[in-house]
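Structural overview for review
Residues per chain are reported as follows:
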Amino acid sequence: MISLLLLQQIAQLFLCIFLGWLLVRARLLKPEDSRVLSVVVLYLVIPCVIVGAFQIDCTPDMFHGLLLSLGIAAAIHAVLFLLTALCRRPLRLGPVEQASVIYSNAGNLIVPIVSAILGKEWIIFTSMFVIVQLPLLWSHGRMLLSGERSVSWRKIFLNVNILSIFAGGVLFFLHLPLPALLVGAMDSIGATLGPLSMIVAGMLMGGVDFRAVLSRRSIWKVAFLRLVGFPLVILCLLRLSGLSSLVPKGETILLVSFLASITPSASAVTQMAQVYGREGEYAGSINVITTLLCIITMPLLLALYQL
């Protein structure tokens, strides 16, 4: 049942991608015009979603559930690092390919999906995955793509997602509810996350030469690892771990973490590759292909997880 709901939700989001692509192909907008919407999503919509997710009661069960979610997110990333290290030489994975298979688009895509199929109260658990991924992305990911060996702690701690999680966490642990009027406005803004993010993705796809993308054979290798190979390993480990019995509703907490790990490659990898001159077009192509293919792979993986 959940896998069917996931398929329906992803199909709705992909309709938004098509509409964004259509705006560009009809020459009403240009791919670079998506930057305006990206700024709105990054600095307004996502903070509203994250802070709003923490507007729940801080009970012992919830606290233990968050700790479990944080631990699972760390374990998943450790597995991804290990698998990538094992595959790097045999499969000749370059820096862009390594970053693309490790880091998933767990923010923009997974939040509206979790909200739709599980309920708003489960969004908070997606934040635990983001807490683990963002510091790794801006340290290891940045060094991988830039060739530098220094860590930009300022970019990590001043990242708008990290600041939003910190603000929401303070309100959560201090039992400080926001006014109902403000929460209502934040919920309304947060509801636009999925459609806006997908419209942005569609607009960017409007400027992509798909013939050139599809002709690059190595892209299918990366897509398989990101969407099928690595997720299957994670699925087996989660099912065999027995961690779901540690806390109430542990099975759903594991499901949220699993969903976050099987999304397409992170769009931030494309942005970093462009900034540091490291095959930015190839990184963008990987993001496009994995985003298009996930409408098939995510429901199938979820169905396998629920067997």
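Scroll up a little and you will see the structure.
Rules used throughout
- Residues numbered from 1 in each chain as written.
- Predicted model: local features only at pLDDT ≥ 70, side-chain atom pairs only at ≥ 80, totals over all residues.
- Heavy atoms only, no water.
- Buried < 20%, exposed > 50% of the residue type's maximum accessible area, 1.4 Å probe, protein only.
- Helix = DSSP H or I, 4+ residues; strand = E, 2+ residues; numbered from the N terminus.
- Contact = heavy atoms within 4.5 Å.
- Axes fitted to C-alpha atoms, helices over the stretch in contact; angles between N-to-C directions.
- Parallel < 35°, antiparallel > 145°, perpendicular 65-115°, else oblique.
- Left-handed = near helix turned anticlockwise from the far one by under 90°.
- Nonpolar A, V, L, I, M, F, W, Y, C, P; charged D, E, K, R; others polar.
- Patch = residues over 30% accessible without salt bridge, like charges linked within 9 Å, V, L, I, M, F, W, Y side chains within 5 Å.
- Areas by Shrake-Rupley, 256 points an atom, 1.4 Å probe, with all protein chains shown as cover.
- Salt bridge = Lys/Arg side-chain N within 4 Å of Asp/Glu carboxyl O.

A few words on helix α5 (residues 110–117). In terms of burial, α5 is largely enclosed, as six of its eight residues are buried. Within α5 the residues assigned to the buried category are Ile110, Val111, Pro112, Ile113, Val114 and Ile117. Residues of α5 that are buried make contact with α1 (2–25), α2 (34–53), α6 (123–146), α10 (193–205), α13 (250–261) and α15 (280–305).

In this section: the packing of α6 against helix α14 (residues 267–275). Close contact between α6 and α14 brings their axes to 10 Å; oriented N to C, the two are set at 45°. Comparing the axis directions of α6 and α14 gives the class oblique. Taken as a pair, α6 and α14 cross one another with a handedness that is right-handed. Of the residues in α14, those in contact with Leu137, Trp138, Gly141, Arg142 and Leu145 of α6 are Ala268, Val269, Met272 and Ala273. Its residues placed into classes, the contact of α6 with α14 shows seven nonpolar, one polar and one charged.

Moving on, we get to a nonpolar patch on the surface. A surface patch of nonpolar side chains, amounting to about 370 Å² of accessible area, comprises Leu15, Phe18, Leu19 and Leu22. Mapped onto the secondary structure, Phe18 falls in helix α1.

Here we take up unusual backbone geometry. Despite not being glycine, Arg27 shows a phi value in the positive range, around 65°. Topologically, Arg27 is positioned in the loop between α1 and α2. Under the relative-accessibility criterion, Arg27 is labelled exposed at 77%. Of note, His175 is a non-glycine position whose phi angle comes to about 55°, a positive value. Among the structural elements, His175 can be located in the loop between α8 (160–173) and α9 (180–190).

Evaluated as defined, the whole model comprises three salt bridges. For Lys120, the salt bridge goes to Asp187, with nearest N and O atoms at 2.7 Å. Of this pair, Lys120 sits in the loop between α5 and α6 while Asp187 sits in helix α9, placing them 67 residues apart in sequence. For Lys120, a relative accessible area of 36% puts it in the partly exposed group. Given a relative accessible area of 31%, Asp187 falls into the partly exposed group.

Keep in mind these values describe shape, not function.
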